[in-house]
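Breakdown of the fold
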Amino acid sequence: MTDVAETKVRDWLSVSNDTLQVRTGKVDIGQRISTALAAIVQQELTLPPEKIVVAPVQTESSPDEGMTSGSNSIEQSGHAIRLAAATLRALVLGHAADRFGGARQEWSVRDGVLTGPGINRPLPFLDIAGEISLDIAVDAKAELASAAKATSYLMRGMADLVSGSYHFIQDIEQPGMLHARVVRPPHARARLGDIDDRVWQRLKSEGFHLVRDGSFLAIAGPLEWPVMRAVSRLSRACEWRQEDGLPEGDIFASLTKDTAIGMPVVNGTPVEGEPVPERRWKPTHDARYERPFTMHGALGPSAAWASWDGTTLDITTHSQGIYILRDSIAESLEMAPEDVVLRYMPNAGCYGHNGADDAAFEAALVALALPDTPILLKWSREDEHGWEPYGPASAVELSAQVGEDGQIKAISLDAIGGTFRGRPRKGAGQAGPKKLLANHFRAKPLGPDPASPNMNWQGGLHRNLLPVYDFPQVACSKNLIVDMPLRTSALRCLGAALNIFAIESFLDEIAREHGEDPIGYRKAYVSDARALAVLDRLQAELETPVSSGEMGRGIAYAQYKNAMTRVAVSVDLSVSDAAEIKIDNIVMVADAGRIVDRDGLIAQLEGGALQAVSWALYEEVKWDRDGVTSRDWESYPVLRFSEVPEISTILLDRPDCQSVGAGEASPGPVLAAIGNAVYDAVGLRMRRLPMTPEAITKVAMDA
Amino acid sequence: MTFTLCINGKDWSISSDPETPLLFVLRDELELKGSKLGCGLEQCGACAVLVDGKAEFSCSAPAETFIGRDIVTIEGISGLEIGRRVQAAFVDANAAQCGYCTAGMVIAVTGVLTESPHLDRRELKPMLDNHLCRCGAHPRVLRAAEMAIERS
């Protein structure tokens, strides 16, 4: 990972063809990071938007900024680029003063044009910037342009999107390129036996290229549709050994602390080698909250392009981490990392680690088998639903000791679940290669890799496990289940979605039991002035009560990773006689520090809220012994337009505070506000997602 | 053997197998890559094109079933007055996140407004239920549709 203090201006910015090229290691996965980074440069340098080009992200020339994940891009890349731009502004103004006279302070830049003493012609900023060496360290204390009133920016690429000329990875076309698909096993534990040789030979005679490495089987041909048809034919000709099939049974019953690797989490960081301390107080309240395996469900199935010329393996991918993927592909193939080049190209939004990395490696395997032939490999919808690494099933157990006055004296939170760490990150024992799906099936199989706990601050299962409230006694633990029936990895928010759902639902239970106003109850435990401001603003927005007696209103609050965007949410909904939730209205108040792109920030918060609505109401991956049964949008339903509520998002701008990311800040509190509103509406406490009519009916029957 | 399809106001001689779904003829034979493959199951709407003015899925139905019909893809939508209005409204509303569903959404909204030019938000929603968006850009798509209606 690049440390901004050790970088040069030219690592981030360069002048080329009368434009300022912005280099970032963060990829635009639909979160509008390229729009936001260009906005930051525009704010610092006043250049018109068309003079700012966000360069494509590739391993050959982009800064290694690790992963594009965790809502970190604004804070990392955005902050670095803001400092680099501010350093550049000071350099250019100083250079202009040296060259044309006057004091440095007498020079300024406006709309990309320099003004200063003795100059009576327009002096473009980029002309001067192009003349000087940018091989200068980024000044971490560079004076930043003062924050103007927060504004919105036109989303980059929007005009191309509405005319069909925006290029996604699936749209690559070139002479001689072959389309490829993988013939999938019925499930992750099946292995390939015989293939009917007549079908194999016939497909070859029809011009298809067949690639087999153990149980990894792919087919390539010049046109996509005939390749898709050929996959069906070849699939029927394969004999798969089922082995033992996928483990069935009640996943939630298997999420217990005694079968997990457990450790205390102190101030948001797991402590290695220490047992979870015994609780020394008697709880008055207990509750367990649960979430099933959840899909990323990208609208565009994963894809990758690859080509091998005998020297360099070229890959185009929509991976969120091109450097770690390059290293793991190189290690899998026993190649030098510098002989593997990865370029980023967009696919549909991914919301975490989906099939992107696996598709890239699969394309590479096909390209290596067919040298000098560009390969565009695509997953089918069924592949994506059935083979992406899901967000893990997980649970949180909460206990509290609450006084008769309703005051929380002590609270404990134990997160239990599978891993969010499925990305192909390099590590001992070929850890990276073992995370790539195709390696599980090759003739010399590697992996799957047993999960190991994420020990980072606010990582994995324990993200947002620590409540943001000032409770007198707090104890947290994380408990990683290593053996899960399905492969899992990073899904938007990681543990924060369930943990915030759990904490904010549990507080609601206690507050309601004591007749406390839910916002007032939270405020009593908050000392952070910015949190109070967010809660106060939500309270002010809610002066109108819910519209009818059948409506319920729930609220929730969270600060992502206890350090980033603060979000308070209110949800108004009703529950029908058929136990269907109808969400009418969502109000969000958010503080993400200094606002970079007002509309982009609202889009991220809105998008997170609606994804949470989808998680809350519908989403659950199902499987049986013979494989995953959630294989399309009917067997894995998601939010559709009819159920989209009205959303209003209120931003509290903090021009003097650092900008922080918000893409993962709203889902947790929205989940909880939905659960709390259901309780408000019908008196049923929903402690497991999704809150389907069947689930609500079951809770009603058990009540 | 070839057959003829009318796409974006022009007759094209198609040499693909007539049973090939229209989407693959558009993308692979005609290199009109704006229509997207999202599911191939008529469940998500990424592949939508206008057929005789109405949004239809193109990912499954054989191309030959579109013979004699007026097909408009996202590449040709600016040839329609309503289409241009919808495109402009999408841009002004920043009505996308990742944008993979956007072509289908523009087609869908154009189709809806062609048939019923003055819908309100409550009426619009069910008309767009065939179109999935996973980023949660729905409120912006609805706003874009309303803007396009207001500007008529």
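This section reports on the structure supplied with the text. (Residues numbered from 1 in each chain as written. Chains lettered and ligands numbered in written order. Predicted model: local features only at pLDDT ≥ 70, side-chain atom pairs only at ≥ 80, totals over all residues. Heavy atoms only, no water.)

Turning our eyes to something else, we now look at the overall build of chain A. What chain A contains, in helices and strands, is 17 helices and 27 strands. Taking 703 residues into account, the globule formula puts the C-alpha radius of gyration at 27 Å, and chain A, at 27 Å, falls close to it. Oriented by its inertia axes, the alpha-carbon framework of chain A measures out at about 75 × 75 × 50 Å. For chain A, the residues scored as buried account for 61% of the 703 residues in total. Here chain A carries 70 positive and 94 negative side-chain charges, and the mean point of each set is 2 Å from the other. (Helix = DSSP H or I, 4+ residues; strand = E, 2+ residues; numbered from the N terminus. Rg over C-alpha atoms; globule rule 2.2 N^0.38 Å. Buried < 20%, exposed > 50% of the residue type's maximum accessible area, 1.4 Å probe, protein only. Lys, Arg positive; Asp, Glu negative; His and termini not counted. Charge placed at Lys NZ, Arg CZ, Asp CG, Glu CD.)

This next bit is on the pattern of salt bridges. Residues and elements named next belong to chain A. With the rule as written, the count across this model stands at 55 salt bridges over all chains. Across the pair Asp599 and Arg32 runs a salt bridge whose closest N-O atoms are separated by 3.2 Å. Taken together, the residues span a long stretch of sequence, with Asp599 in helix 15 (residues 598–617) and Arg32 in the loop between strand 2 (19–22) and helix 2 (33–45) at a distance of 567 residues. Given a relative accessible area of 3%, Arg32 falls into the buried group. (Salt bridge = Lys/Arg side-chain N within 4 Å of Asp/Glu carboxyl O.)

Residues and elements named next belong to chain A. For Gly460, the location among the structural elements is in the loop between helix 11 (431–434) and strand 21 (473–480). On the basis of relative accessibility, which here comes to 3%, the residue Gly460 falls in the buried class. In this structure the C-alpha to C-alpha distance between Gly460 and Val182, which are 278 residues apart in sequence, comes to 31 Å. Leave out the neighbours within four places in its chain, and Gly460 touches Phe420, Asn454, Leu494 and Gly495. (Contact = heavy atoms within 4.5 Å.)

To continue, consider unusual backbone geometry. That bond from Gly447(A) to Pro448(A) is cis: its omega, 0°, falls within 30 degrees of zero. The topology assignment puts Pro448(A) in the loop between helix 11 and strand 21. In this structure, Pro690(A) follows Leu689(A) across a cis peptide bond, with omega equal to -10°. Note that Pro690(A) resides in the loop between helix 16 (667–682) and helix 17 (693–702). Unlike most non-glycine residues, Cys493(A) shows phi in positive territory, near 85°. Note on placement: Cys493(A) falls in the loop between strand 21 and helix 12 (496–513). Despite not being glycine, Glu42(B) has its phi angle at roughly 55°, a positive value. For Glu42(B), a relative accessible area of 35% puts it in the partly exposed group.

So, about the sheet that holds strand 3 (residues 52–54) of chain A. Residue and element names in this part refer to chain A. Read from one edge of the open sheet, three strands run 1-2-3, paired in mixed fashion. The sheet is open, and its two edges are formed by strand 1 (13–16) and strand 3, each paired on a single side. The sheet shows a mean angle of 30° between the axes of neighbouring strands, direction not considered. Bridge analysis of strand 1 against strand 2 gives four bridges, and the strand direction is antiparallel. Its bridge partner lying in strand 2, Leu13 is registered against Val22. (Pairing = 2+ DSSP bridges. Axes fitted to C-alpha atoms, helices over the stretch in contact; angles between N-to-C directions.)

Attention now moves to the sheet that holds strand 20 (residues 408–417) of chain A. Residues and elements named next belong to chain A. Judged by pairing direction, the sheet is mixed, and its six strands sit side by side in the order 13-12-21-20-19-14 without closing on themselves. Of all the strands in the sheet, the pair left with one neighbour each is strand 13 (269–270) and strand 14 (285–291). One ladder, built from five bridges, connects strand 12 (residues 261–266) with strand 21; its direction is antiparallel. In the strand pairing of strand 21, Val265 is matched with Cys476.

Looking now at the side chain of Glu362(A). Residue and element names in this part refer to chain A. With respect to the element layout, Glu362 can be found in helix 9 (residues 356–369). Looking at Glu362, the relative accessible area reads 1%, which means it is buried. In this structure Glu362 touches Val182, Arg184, Phe216, Leu377, Trp379, Leu437 and Ala438, once residues within four positions along its chain are discounted.

A word on the interface of chain B and chain A. Contacts between the two partners involve 51 residues from chain B and, on the opposite side, 57 residues from chain A. For the pairing of chain B and chain A, the buried interface totals around 4,600 Å² over both sides, and the portion due to carbon and sulfur atoms is 55%. Counting across the interface, chain B meets chain A through nine salt bridges. Its salt-bridge partner being Glu646(A), residue Lys125(B) comes within 3.9 Å of it at the nearest N-O pair. Listing elements by their share of the side of chain B that touches chain A, those giving two or more residues are helix 1 (22–29), helix 2 (81–92), helix 3 (102–115), helix 4 (121–127) and helix 5 (138–150) of chain B. (Buried area = accessible area lost by both parts, 1.4 Å probe.)

Next up on the list: helix 3 (residues 74–100) of chain A. For helix 3 of chain A, spanning 27 residues, the distance from its first C-alpha to its last is 36 Å, which sits close to the expected 39 Å at 1.5 Å a residue. Downstream of helix 3 of chain A by a residue or two, Gly101(A) has a phi angle that is positive, lying close to 100°. (Expected span 1.5 Å × (residues − 1).)

The biggest cluster of nonpolar side chains holds 92 residues, and the ones touching the most others in it are Leu573(A) and Ile674(A). In terms of residue count, helix 12 of chain A provides more of this core than any other element does, eleven residues in total. Non-local contacts of Ile674(A), meaning those with residues more than four positions away in its chain, are made with Val571(A), Leu573(A), Ile583(A), Val613(A), Ala616(A), Leu617(A) and Met691(A). With 70 residues, the next largest nonpolar core counts Ile77(B), Val91(B), Ala95(B) and Ala144(B) among its residues. (Core = buried A, V, L, I, M, F, W, Y, C linked by side-chain atoms within 4.5 Å.)

A few words on the packing of aromatic side chains. Counted under the stated rule, the structure contains ten aromatic pairs over all chains. Ring plane angle 35° and centroid distance 5.2 Å describe the contact between Trp225(A) and Phe24(B), whose orientation is recorded as tilted. Separated into two different chains, Trp225(A) in helix 7 (residues 224–236) and Phe24(B) in helix 1 make up a pair that spans both. For the pair Trp225(A) and Phe24(B), a shared accessibility class is recorded, and that class is buried. Counting every residue linked through ring pairs, the aromatic cluster contains Tyr469(A), Phe471(A), Tyr521(A) and Tyr525(A). Of note, Arg184(A) hangs over the ring of Trp379(A), and the distance from its end group to the ring centre comes to 4.4 Å. (Phe/Tyr/Trp six-rings, centres within 6.5 Å; stacked < 30°, edge-to-face > 60°. Lys NZ or Arg CZ within 6 Å of the ring centre and 35° of its normal.)

What follows concerns the pairing of strand 20 of chain A. Residues and elements named next belong to chain A. Across the ten residues that make up strand 20, a large majority, nine, are buried. The sheet contact formed by strand 19 (residues 394–402) and strand 20 spans nine bridges and is antiparallel. Note on strand 20: the bridge partner recorded for Ala395 is Ile416. Turn length for the strand 19-strand 20 hairpin, with the two strands adjacent in sequence and antiparallel, is five residues, and the turn residue Gly406 shows positive phi of about 85°.

Our next topic: helix 14 (residues 529–541) of chain A. Since the α-helix advances by 3.6 residues per turn, residues separated by three or four positions end up pointing in the same direction. Residue and element names in this part refer to chain A. In this model, helix 14 (13 residues) spans 18 Å end to end at C-alpha, consistent with the 18 Å of a helix rising 1.5 Å per residue. Here helix 14 has its buried residues at Arg530, Ala531, Val534, Leu535 and Leu538. Down the axis, helix 14 shows its buried residues gathered within 140° of arc, on one side only. Turning to helix 14, the residues buried within the fold contact helix 13 (518–523), strand 22 (552–559), strand 23 (566–575) and strand 24 (581–591). Where helix 14 starts, the residue carrying a side-chain oxygen 3.2 Å from the main-chain nitrogen of Arg530 turns out to be Asp528. (Arc of directions from axis to C-beta. Polar contact = N/O pair within 3.5 Å; in protein donor to acceptor, adjacent residues only side chain to side chain.)

Time to look at the state of the cysteines. Summed over all chains, the structure comprises zero disulfides over all chains. Among the cysteines around Cys476(A), which has no disulfide bond, Cys493(A) carries the closest sulfur, lying 18 Å off. Take Cys39(B): it sits in no disulfide, and the sulfur closest to it among the cysteines is that of Cys44(B), at 3.8 Å. The exposure class assigned to Cys39(B) is buried, which follows from its relative accessible area of 9%. (Disulfide = S-S within 2.5 Å.)

Let us look at the packing of helix 6 (residues 197–205) of chain A against helix 7 of chain A. Residues and elements named next belong to chain A. One way to put it is that helix 6 packs onto helix 7 with a least axis distance of 9 Å and a crossing angle of 160°. Considered as vectors, helix 6 and helix 7 are oriented roughly antiparallel to each other. Seen from above, helix 6 lies across helix 7 with left-handed handedness. Packed against helix 6, whose contacting residues are Val199, Trp200, Arg202 and Leu203, the element helix 7 presents Ala230, Arg233 and Leu234 at the interface. Tallied by class, residues from the contact of helix 6 with helix 7 come to five nonpolar, no polar and two charged. (Parallel < 35°, antiparallel > 145°, perpendicular 65-115°, else oblique. Left-handed = near helix turned anticlockwise from the far one by under 90°. Nonpolar A, V, L, I, M, F, W, Y, C, P; charged D, E, K, R; others polar.)

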